[in-house]
Amino acid sequence: MEMNNQLMEVAFRIKEMREVCGFSEEEMAEKTDITVEQYREYEKGTADFPFSFIHKCAKAFGIGKTDLLEGKSSNLSSYTVTRKGQGKITSKEDGIEINNLAPLFRDKLAEPYLAKYEYRDELQNKPIHTITHGGQEFDIVLSGKLKVRVGNHTEILEEGDSIYYKSSSPHGMIAVDGQDCTFLAVVISEDEKADTKEIEKTFVTAKAEHNLEAKKFITTEEDENGILQKLDYKNEDSFNFAFDIVDAVADKYPDKLAMLHISNDKTERRFTYNDMKKESARAANYFLSLGIKKGDRVMLVLKRHYQFWITALALHKIGAVIIPATNQLVVHDFEYRFKAAGVSAIVCTSDGQVADHVDTAAEIYGELKRKILVGADRDGWHNFDTEYKLFRSIYERTEDTACGNDTMLMYFTSGTTGYPKIAVHSFKYALGHFITARYWHTVQPNDLHLTISDTGWGKAMWGKFYGQWMCEGAIFTYDFDRFDASEILPMFAKYHITTFCAPPTMYRMLIKQDLSKYDLSSIRYATTAGEALNPEVFYQFEKATGIVIMEGFGQK
């Protein structure tokens, strides 16, 4: 199939170049020393052609052979002609046919498509599924009627009607009124070159509801504008987030981005869902080798290190209970928490004095069996980074795997009155944050979501872990030590961050910068929680970006 596609690509270029150069089929047959019938077969891609044919075609067109084989000809940056009915079909499935009308033009700033949507009766009373991508889009209906949803707004477009919108807004469309619809869609890139493959994928995903793995455990009802009306759970007694979401998505979309991690020294790391599946399996096997088992209480003090996500998933697979904690704790804080929760192991950052405090508290406590360090060697500690990689990248689910009502997570409350209290959560807890990510953060499968929170706080679990991966989006994490608005603001454009959540304090720090100097156009939705949002911050951010900050209230 791959060879056939390559053959068709080259055949299409040959035809395009012939028409650009103004040659007839007969003239090309003569120039390539073959019969007209043979030439026509080659140009249709129905017969494999010899290298000598490619050589003669390239010579006739005045371009290099590599240009013809790979489509890099400078000739196609001047102009290109697509005859009626001869666009390149880039997608043909589930009642949709998409034709790229300029497939060979190089370095396009826009992508023109002729889209044909079949009328489907079963889609008429369902919410229109939406997607996002970069740039802006212009659609004009050529025949039929098109129902278009952009954000929470719905429009019916008839023949000759058009719509222009920012593509980072959730959008989707279906044919309505009992007839098929044909429309021209022009997608304008924000960059110097349009990402053709990414754009083409969105036409299909915009029409049909994305088959989220989470939907095996959650059912939702939305109104015609996509506003949640009802949410129920099913099969939750067997739910384990690591296996049922992360591993399941990895099996379906192994190369899909799960997390883009920027370390404190600006090192970029990209983790796919398959990376998370394999690395958490290694870590699970590693922890088992250290004697950590189902039901053990393991404290995680890992700041925003990427190892937190690998470690948390691994412990979910084992069934050990994770206890996230902040690196701001000192000796007496650790001592109290070790005793109160019965902590038997800790995975800890090597930054600062955290390990020193742990060692002192552990001597007093006397029951901490395993100390595991991230980022450095230390006497009396295991080195997570070097040791876990030695283990097998497969970890299978068993009949005894923790799930449902088994304890998964413990938080210590802030302790505003008296000592911090323990809040215990089962494996069902993660399911509750589907609504957080999908209906508050509005995370879609193509989104890159940033929540600014240290993993020691509860907000990290519902802002940059469970819900976002249940929506099959990607998480953006910047592992900074000190919040610096001037460092974070350029990252929105550089990495195309689409949804954003931060506490009001950080919004205040953001608006102190001259926001006009930064490109924040990738953001389509912004949220806040944790404290009261000052009206001035709200209005200043809206004035600078056009985005209304959506404030949330609730408890973990």
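Residues numbered from 1 in each chain as written. Predicted model: local features only at pLDDT ≥ 70, side-chain atom pairs only at ≥ 80, totals over all residues. Heavy atoms only, no water.

1. Some remarks on the overall build of the protein
No. 1: A count of helical and extended segments in the protein gives 18 helices and 25 strands.
No. 2: Taking the intrachain contacts of the protein between residues at least 6 apart in sequence as the baseline, contacts between residues at least 24 apart amount to 70%.
No. 3: Summing over all exposed atoms, the protein offers an accessible surface of approximately 25,100 Å²; the carbon and sulfur share of this is 48%. (Helix = DSSP H or I, 4+ residues; strand = E, 2+ residues; numbered from the N terminus. Contact = heavy atoms within 4.5 Å. Areas by Shrake-Rupley, 256 points an atom, 1.4 Å probe, with all protein chains shown as cover.)

2. What about the nonpolar core?
No. 1: Counting 65 residues, the largest nonpolar core has Phe241, Met276, Phe287, Tyr466 and Trp469 as its most contacted members.
No. 2: With eight residues, the top contributor of residues to this core is helix H9 (residues 307–318).
No. 3: Contacts of Phe241, omitting those with residues within four sequence positions, involve Val246, Leu313, His316, Ala430, Phe465, Tyr466, Trp469 and Met470.
No. 4: Of all hydrophobic cores here, the second largest spans 31 residues; its members include Phe483, Leu510, Leu533 and Ile547. (Core = buried A, V, L, I, M, F, W, Y, C linked by side-chain atoms within 4.5 Å. Buried < 20%, exposed > 50% of the residue type's maximum accessible area, 1.4 Å probe, protein only.)

3. Remarks on the confidence of the model for the protein
Caution applies to low-pLDDT parts of the model: their predicted coordinates are not meant to be read in detail.
No. 1: On average, residues of the protein score 88 in pLDDT, and 89% of them reach the 70 mark or higher.
No. 2: Within the model, pLDDT remains below 50 along residues 204–209, and this stretch shows 24 contacts once partners closer than five positions in the same chain are excluded. (pLDDT = per-residue confidence, 0-100.)

4. What about the pairing of strand E14 (residues 297–301)?
No. 1: For E14, the tally of buried residues reaches four of five residues, placing the bulk of the element in the interior.
No. 2: Judged from the four bridges that link them, E14 and strand E15 (residues 321–324) form a sheet pairing that is parallel. In the strand pairing of E15, Leu300 is matched with Pro324.
No. 3: Read from E14 through H9 to E15, the crossover connection turns out right-handed. (Pairing = 2+ DSSP bridges. Right-handed = clockwise from strand over helix to strand, strands pointing away.)

5. Quick notes on the packing of aromatic side chains
No. 1: Per the stated rule, a full pass over the model turns up 33 aromatic pairs.
No. 2: Taking the centre distance of 5.3 Å and the plane angle of 75° together, the rings of Phe241 and Phe465 count as edge-to-face. Of this pair, Phe241 sits in helix H7 (residues 241–252) while Phe465 sits in the loop between helix H14 (458–463) and helix H15 (466–470), and the two are 224 residues apart along the sequence. This pair shows no difference in class: Phe241 is buried, exactly as Phe465 is.
No. 3: For the ring pair Tyr478 and Phe480, a centre distance of 5.4 Å and an interplane angle of 50° mean the geometry is tilted. Accessibility classification places Tyr478 together with Phe480 in one group, the buried group. (Phe/Tyr/Trp six-rings, centres within 6.5 Å; stacked < 30°, edge-to-face > 60°.)

6. Remarks on helix H16 (residues 485–495)
No. 1: Every buried residue of H16 is listed here: Ala485, Ile488, Leu489, Met491, Phe492 and Tyr495. Buried positions in H16, seen along its axis, are confined to an arc of 155° and lie on one side of it.
No. 2: In the stretch just after H16, His496 is the one whose phi turns positive, near 60°. (Arc of directions from axis to C-beta.)

7. Brief notes about the sheet that holds strand E8 (residues 171–176)
Sheet strands line up and pair through hydrogen bonds in the backbone, either parallel or antiparallel.
No. 1: The strand order E6-E5-E8 describes an open sheet built from three strands, whose pairing is antiparallel. For this open sheet the edge positions go to strand E6 (153–157) and E8, each flanked by a neighbour on one side alone. Taking the axes of each pair of neighbouring strands and ignoring which way they run, one obtains an average angle of 20° across the sheet.
No. 2: Note: strand E5 (residues 145–150) against E6, five bridges, orientation antiparallel. (Axes fitted to C-alpha atoms, helices over the stretch in contact; angles between N-to-C directions.)

8. Digging into the environment of Gln468
No. 1: Position of Gln468 relative to the elements: it lies in helix H15.
No. 2: A sequence separation of 25 residues divides Gln468 from Val443, and the C-alpha atoms of the two residues are 6.5 Å apart.
No. 3: Excluding residues that lie within four positions of it along the chain, Gln468 makes contacts with Tyr273, Ala437, His441, Val443, His449, Trp462, Gly463, Gly473 and Ile475.
No. 4: Here the side chain of Gln468 touches Trp462 through a polar contact of 3.2 Å, landing on its backbone oxygen.
No. 5: At 3.3 Å, the side chain of Gln468 forms a polar contact with the backbone nitrogen of Lys464. (Polar contact = N/O pair within 3.5 Å; in protein donor to acceptor, adjacent residues only side chain to side chain.)

9. Regarding helix H8 (residues 273–289)
Residues that lie three or four places apart on an α-helix share one face, since the helix turns once every 3.6 residues.
No. 1: Here H8 is 17 residues long and its end C-alpha atoms lie 24 Å apart, about the 24 Å a rise of 1.5 Å per residue gives.
No. 2: Among the residues making up H8, those that are buried are Tyr273, Met276, Glu279, Ser280, Ala281, Ala283, Ala284, Asn285, Tyr286 and Phe287. (Expected span 1.5 Å × (residues − 1).)

10. Some thoughts on the sheet that holds strand E21 (residues 448–451)
No. 1: One open sheet holds the seven strands; their spatial order is E13-E12-E22-E21-E23-E24-E25, and the pairing between them is mixed. Each edge of the sheet is formed by a strand with only one pairing partner; in this case those strands are strand E13 (268–272) and strand E25 (549–551). For this sheet the average axis-to-axis angle between neighbouring strands, irrespective of direction, equals 20°.
No. 2: By the bridge criterion, three bridges tie strand E23 (residues 499–501) to strand E24 (residues 525–528) in an arrangement that is parallel. Each bridged residue has a counterpart across the sheet, and for Cys501 the counterpart in E24 is Thr527.
No. 3: The sheet strands contacting H16 are strand E12 (257–262), E13, E21, strand E22 (474–478) and E23, and the helix crosses E22 at an angle near 150°.
No. 4: In the packing of helix H17 (residues 504–511) onto the sheet, contacts are made with E23, E24 and E25, and the angle to E24 comes to roughly 125°.

11. Some details on the pattern of salt bridges
No. 1: A full pass over the atoms with the stated rule returns 29 salt bridges.
No. 2: Across the pair Arg397 and Asp244 runs a salt bridge whose closest N-O atoms are separated by 2.8 Å. Of the two residues, Arg397 sits in the loop between helix H12 (384–387) and strand E19 (407–412) while Asp244 sits in helix H7, which places them 153 residues apart along the sequence.
No. 3: The exposure class of Arg397 is partly exposed, given its relative accessible area of 34%.
No. 4: Owing to a relative accessible area of 13%, Asp244 belongs among the buried residues under this scheme.
No. 5: For Lys317, the salt bridge goes to Asp247, with nearest N and O atoms at 3.1 Å. On the criterion of sequence distance, the pair formed by Lys317 in helix H9 and Asp247 in helix H7 is long-range, its members being 70 residues apart. (Salt bridge = Lys/Arg side-chain N within 4 Å of Asp/Glu carboxyl O.)

12. Side note on the side chain of Gln307
No. 1: As for its position among the elements, Gln307 is in helix H9.
No. 2: Residues within four places of Gln307 in sequence aside, it is in contact with Leu302, Val374, Phe384 and Asp385.

13. With respect to the environment of Glu335
No. 1: Along the polypeptide, Glu335 turns up in helix H10 (residues 331–341).
No. 2: Setting aside residues no more than four positions away along its own chain, Glu335 makes contact with Ala361 and Ile364.
No. 3: Looking at Glu335, its side chain comes within polar contact range of the side chain of Lys339, at 3.0 Å.

14. Observations regarding the packing of H17 against helix H18 (residues 535–545)
No. 1: Their axes nearest at 10 Å, the elements H17 and H18 cross at an angle of 50°. As far as their axial angle goes, H18 and H17 are oblique. Where H17 crosses over H18, the two elements pack in a sense that is left-handed. Where H17 abuts H18, its residues Tyr507, Arg508 and Ile511 lie against Val537, Gln540 and Phe541.
No. 2: Partitioning the contact of H17 with H18 into residue classes produces four nonpolar, one polar and one charged. (Parallel < 35°, antiparallel > 145°, perpendicular 65-115°, else oblique. Left-handed = near helix turned anticlockwise from the far one by under 90°. Nonpolar A, V, L, I, M, F, W, Y, C, P; charged D, E, K, R; others polar.)

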